Amino acid sequence: MTISTENYPALILLSEIELQCSLIARASSFLEESAQHWIMVGKGIDDGKKAPPIDIIAQCHICLSAAALIYKYLFPGRIKRKNPRISKRCAKLMQFLGEPELPMIRSVKVRNSWEHIDERLDDLLSARRVQSLAPIHVSTMPLQKETFVLRHFDPLLMQIKYGAGRAIDLRALVAEATELSTLIKEAIQKLHGESMTIY
């Protein structure tokens, strides 16, 4: 059975969210492999692989930006709540997906880590003197306390940390994206036989 034209908006939006889930999954696979490499490096073992810190941080950015986009599709922010079309779209999509909790994707720390790093740096740097800087830190060993780290990936804990913010549990984020991907596939199957109007 084909999908009716009235269900195309739902199909398009669900497909877009599924794409973001796929980006998180793909980036996390790279990060898991990279973490194992850096754990070996920390033990003084050459595993013959390479995982440059800049590539690791690029994949962290993919995870966080994809999570931020998923949030925008499913949850109306404070300002966007005033727009009835956005609120309706978010409510309908969540209804189609069975109202999943998604605490990591909803988490302010995930979104803010990506979207508001400039404001967090302003707050931090105006109140603290920085003695030394590490733009990127990927290691099993922590840096000295006085060193300010802009981008940090912890291979032991599989955590992403931006600026002075709290750590983001990558595995928890990936688990949510995987759960959401499954729910999207189920919802798309329903589009063949049920009416799922968005607007």
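For the structure, see preceding data.
Note that residues are indexed from 1 along each chain, following the sequence as it is written. Only residues with pLDDT of at least 70 are given local features in this predicted model, and only at 80 or more are side-chain atom pairs given and counted; all residues enter the totals for whole chains, interfaces and linings. Hydrogen atoms and water are omitted, and side-chain values are computed over all heavy atoms in the structure.

Visitor: If you had to explain the state of the cysteines to someone new, which residues and values would you point to?
Guide: Disulfide: a covalent bond formed between the sulfur atoms of two cysteine residues. Disulfides are defined as cysteine sulfur pairs within 2.5 Å. For the structure on display, the rule yields zero disulfides. Cysteine C63 shares no disulfide, and the gap to the nearest cysteine sulfur, in C60, comes to 6.6 Å.

Visitor: Tell me about the sheet that holds strand β4 (residues 168-169), and name the residues and values.
Guide: Within the open sheet, the four strands sit side by side as β1-β2-β3-β4. Their pairing is mixed. Each edge of the sheet is formed by a strand with only one pairing partner; in this case those strands are β1 (132-138) and β4. Two elements, β1 and strand β2 (residues 147-154), share six bridges in a ladder whose sense is parallel. Its bridge partner being in β2, I136 is matched across the sheet by R151. A pair of strands is treated as paired once DSSP finds two or more bridges between them. Comment: elements are numbered from the N terminus, with helices defined as DSSP H or I runs of at least four residues and strands as E runs of at least two.

Visitor: Give a detailed account of a negative patch on the surface, specifying residues and quantitative values.
Guide: Negative charge collects at one region of the surface, where D118, E119, D122 and D123 lie side by side. In this fold, D123 is placed in helix α6 (residues 117-127). Exposure above 30% relative accessible area and the lack of any salt bridge qualify a residue for a patch; like charges then connect within 9 Å, and the nonpolar side chains Val, Leu, Ile, Met, Phe, Trp and Tyr within 5 Å. Each accessible area is a Shrake-Rupley result for a 1.4 Å probe, and residues are judged covered by the shown protein chains and nothing else. We define a salt bridge as a side-chain nitrogen of Lys or Arg found within 4 Å of a carboxyl oxygen belonging to Asp or Glu. Charge assignment in this entry is limited to Lys and Arg as positive and Asp and Glu as negative, and neither His nor the chain termini are counted. Lysine's charge is taken at NZ, arginine's at CZ, aspartate's at CG and glutamate's at CD.

Visitor: I'd like a description of α6, backed by residues and values.
Guide: Between buried and exposed lies partly exposed: a residue is buried under 20% and exposed over 50% of the maximum accessible area for its type, with that area taken using a 1.4 Å probe on protein chains only. Looking only at α6, the buried set comprises I117, L121 and L124. Viewed along the axis of α6, the buried residues span an arc of 70 degrees, placing them on a single side of the element. Exposed side of α6, more than 90 degrees from the buried face: D122, D123, S126 and A127 are the residues found there. The arc in question is formed by the directions pointing from the helix axis toward the C-beta atoms.

Visitor: Which residues make up the pattern of salt bridges, and what values go with them?
Guide: Tallied over the entire structure, the rule returns two salt bridges. Here E18 ties to K185 by a salt bridge, and the two come within 3.7 Å at their closest N and O atoms. Linking E18 in helix α1 (residues 8-42) with K185 in helix α7 (residues 170-190), this pair joins segments that are 167 residues apart in sequence. Residues R171 and E32 are paired through a salt bridge, measuring 3.0 Å at the closest nitrogen-oxygen approach. Here R171 is found in helix α7, whereas its partner E32 is found in helix α1, with 139 residues between them in sequence. On the basis of relative accessible area, R171 is assigned to the partly exposed category, the value being 41%.

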